[in-house]
Structure formats: structure tokens, C-alpha cells
Amino acid sequence: MAKVLVLYYSTYGHIEQMANALAEGARAAGATVDIKRVPETVPEDIARNGHFKLDQPAPVATVNELPDYDAIVIGAPTRYGRMPSQMAAFLDQTGGLWAKGALNGKVGAAFTSTATQHGGQETTLFSIVTNLLHFGMVVVGLPYSFAGQMTLDEITGCSPYGASTIAGGQGQRQPSGNELDGARHQGELVAKTAIKLFG
Ligand SMILES: Cc1cc2nc3c(=O)[nH]c(=O)nc-3n(C[C@H](O)[C@H](O)[C@H](O)COP(=O)(O)O)c2cc1C
């Protein structure tokens, strides 16, 4: 059975919720799914004072386990239009895997969150996708088979490059039903692609 890793970083829990939805979609399509997060690098007292969501049940991933998966989906909130240092610090430890081509031909995908509607969703997704392509991965986006990304009835995240949510300037907005559906849809497509490639 195809093995999917949903690997995420989330400061305030928006990406955590999107990760759970993405995993739901991948499981529904028949894959075995693990949800893991990357280590927090901010000192604990600063994280507590900053009201970071520190009670995230997902286990912390190690770089060496990445080759165990057929598909790796990376989710991270934006930092100035690109992925956060926590995720970059994790990925920057993969030089040995890259040198061996250990992730070549596996399935990859990206999802994100921003405070504002035009605060860098697509550039953040591409900062992740760029990394996936350097790994030699086959990238699955969020095609228009997820019609919810075209709605004009509400403000919404999600684009052809990946699922996304809009958190609001104070993190006050939670992922909408439409955005969670987009994450589920992308998870389903990742799993179906991995199953086609790896059984
Ligand atoms: C240092 C920093 C930089 C940020 N830069 C942006 C930005 O460029 N555009 C934006 O819309 N939101 C920005 N944000 C807001 C985060 O993206 C937002 O808190 C996040 O999407 C919420 O997701 P989470 O709950 O999973 O952490 C920034 C937040 C921080 C702390």
C-alpha cells in the first residue's frame, strides 16, 4: 500500500488543521498516511510568550525517514512570501539524501497558509515546490478538478499550485470548509498518484 507522509510546520494551528484534512483525503483514497511535523527552532519561552500552539500531537520527523515514503506532502505557513526557517532548516539537512537521489521519482506536493489573501500564497507554495523538484519528485498540485478554488461567493484560499488557507492578521480566521475540502482533494490526488506509481 502506498505510504504518504504529511510533513508540516505550524505556529498557530492553521496548517495543522490543513494537514489533518489532507491526510483524511489521502487515507480515503487508500494510502497509509503518517502526519509528522518538523522541529520548532524558536526557544520555548519565546514560543510561549508568542502564544504558539505547542500542544500538537503529531510526532516530530527525522530527515532519515523521508525515503521510507512514496509521497511527501509539505505544508508550511508563509514567512514574507516564502517557507519558514523551521521547514527550511529541516530540508537543509537532506543533502545526503539528495546526493544519493533517495527521493527521486517520489510524489511531492505543497500546501500553505497566509495571514492575508494576497500575502504570498503562491510564492510560498513555489518555494516548497522548488525544493521538491530539486529532490526529483513528481509534483501534484490542486487542479481545477477541485472546483471550489473558483468560487466568487466567498474569500477563499486554494490555487492550482496547492491547497491553502487565509488565517487573518491576528490568526482569527480558521480554515473554511471550502479550504479543508481543497486539502482533502489534494490528499486524494497525491494518494491516487502514489498508488498508480508504486501500487
Ligand atoms: C515573521 C512572520 C512573517 C509573516 N509574513 C507573512 C506574509 O508575508 N504574508 C502573510 O500573509 N502572512 C505572513 N505571516 C502570517 C503567517 O503566515 C500566519 O501566521 C500563518 O499563515 C498562520 O498559520 P499557522 O497557524 O499554521 O502558523 C507572517 C508571520 C510571521 C510570524
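Residues numbered from 1 in each chain as written. Predicted model: local features only at pLDDT ≥ 70, side-chain atom pairs only at ≥ 80, totals over all residues. Heavy atoms only, no water.

Q: Any chance you could explain helix 6 (residues 177-198) here in plain terms?
A: An α-helix turns once per 3.6 residues; consequently, residues spaced three or four apart project the same way. When the terminal C-alpha atoms of helix 6 are compared, their 31 Å separation across 22 residues agrees well with the 32 Å that a helix rising 1.5 Å per residue should span. Asn178, Glu179, Leu180, Gly182, Ala183, His185, Gln186, Gly187, Leu189, Val190, Ala191 and Ala194 are the residues of helix 6 that are buried. As for helix 6, its buried residues are in contact with strand 1 (3-8), helix 1 (14-28), strand 3 (71-77), strand 4 (107-114) and strand 6 (163-166). Just downstream of helix 6, Gly199 is the residue with a positive phi angle, here 85°. (Helix = DSSP H or I, 4+ residues; strand = E, 2+ residues; numbered from the N terminus. Expected span 1.5 Å × (residues − 1). Buried < 20%, exposed > 50% of the residue type's maximum accessible area, 1.4 Å probe, protein only. Contact = heavy atoms within 4.5 Å.)

Q: Before we go on, may I ask you to explain the pattern of salt bridges in this structure?
A: Taken as a whole and judged by the stated rule, the model has eight salt bridges. As a salt-bridge pair, Lys36 and Glu65 come within 2.4 Å of each other at their nearest N and O atoms. Residue Lys36 is found in strand 2 (residues 32-37), and its partner Glu65 is found in the loop between helix 2 (44-49) and strand 3; the two are separated by 29 residues along the sequence. Residue Lys36 is classed as buried on the basis of its relative accessible area, which comes to 15%. Owing to a relative accessible area of 13%, Glu65 belongs among the buried residues under this scheme. Members of the salt-bridge network, linked through shared partners, are Glu16, Lys53 and Asp55. (Salt bridge = Lys/Arg side-chain N within 4 Å of Asp/Glu carboxyl O.)

Q: In this structure, what is going on with the packing of aromatic side chains? I would like to understand it.
A: Two numbers describe a pair of aromatic rings. These are the distance of the centres and the angle of the planes. For the structure on display, the rule yields two aromatic pairs. Plain terms: the ring middles of Tyr12 and Phe52 are 5.8 Å apart, the flat faces sit at 75° to each other, and that makes the pair edge-to-face. Here Tyr12 is found in the loop between strand 1 and helix 1, whereas its partner Phe52 is found in the loop between helix 2 and strand 3, with 40 residues between them in sequence. Take Tyr12: its relative accessible area is 48%, and that puts it in the partly exposed class. (Phe/Tyr/Trp six-rings, centres within 6.5 Å; stacked < 30°, edge-to-face > 60°.)

Q: Where do I start with the site of the ligand in this structure?
A: In the vicinity of the ligand there are 17 residues, among which Ser10, His14, Ile15, Ser113 and Gly119 approach most closely. Between the ligand and the protein, one listed contact pairs an oxygen atom with a side-chain N or O atom of His14 at 2.6 Å. Ser113 is positioned with one of its side-chain polar atoms (N or O) 2.7 Å from an oxygen atom of the ligand. Contact with the protein chains hides 78% of the accessible area of the ligand, taken as 650 Å² for the molecule alone. Listing elements by their share of the shell around the ligand, those giving two or more residues are helix 1 and strand 4. Of the residues that constitute the shell around the ligand, the class distribution is six nonpolar, 10 polar and one charged. (Near = heavy atom within 4 Å. Polar contact = N/O pair within 3.5 Å; in protein donor to acceptor, adjacent residues only side chain to side chain. Areas by Shrake-Rupley, 256 points an atom, 1.4 Å probe, with all protein chains shown as cover. Nonpolar A, V, L, I, M, F, W, Y, C, P; charged D, E, K, R; others polar.)

Q: Can you walk me through the pairing of strand 2 in this structure?
A: When a strand is regular, its side chains alternate between the sheet's two faces. For strand 1 and strand 2, the ladder comprises six bridges, and the chain directions are parallel. Residue pairing in the sheet places Lys3 in a bridge with Thr32 of strand 2. The parallel pair strand 1 and strand 2 is bridged by helix 1, and the resulting crossover is right-handed. (Pairing = 2+ DSSP bridges. Right-handed = clockwise from strand over helix to strand, strands pointing away.)

Q: Which parts of the structure should I look at to understand unusual backbone geometry?
A: One non-glycine residue with positive phi stands out, namely Tyr80, at about 55°. By the secondary structure assignment, Tyr80 is in the loop between strand 3 and helix 3 (85-91). Located in the positive-phi region is Cys158, a residue other than glycine, with phi close to 90°. Checked against the element boundaries, Cys158 lands in the loop between strand 5 (138-139) and strand 6.

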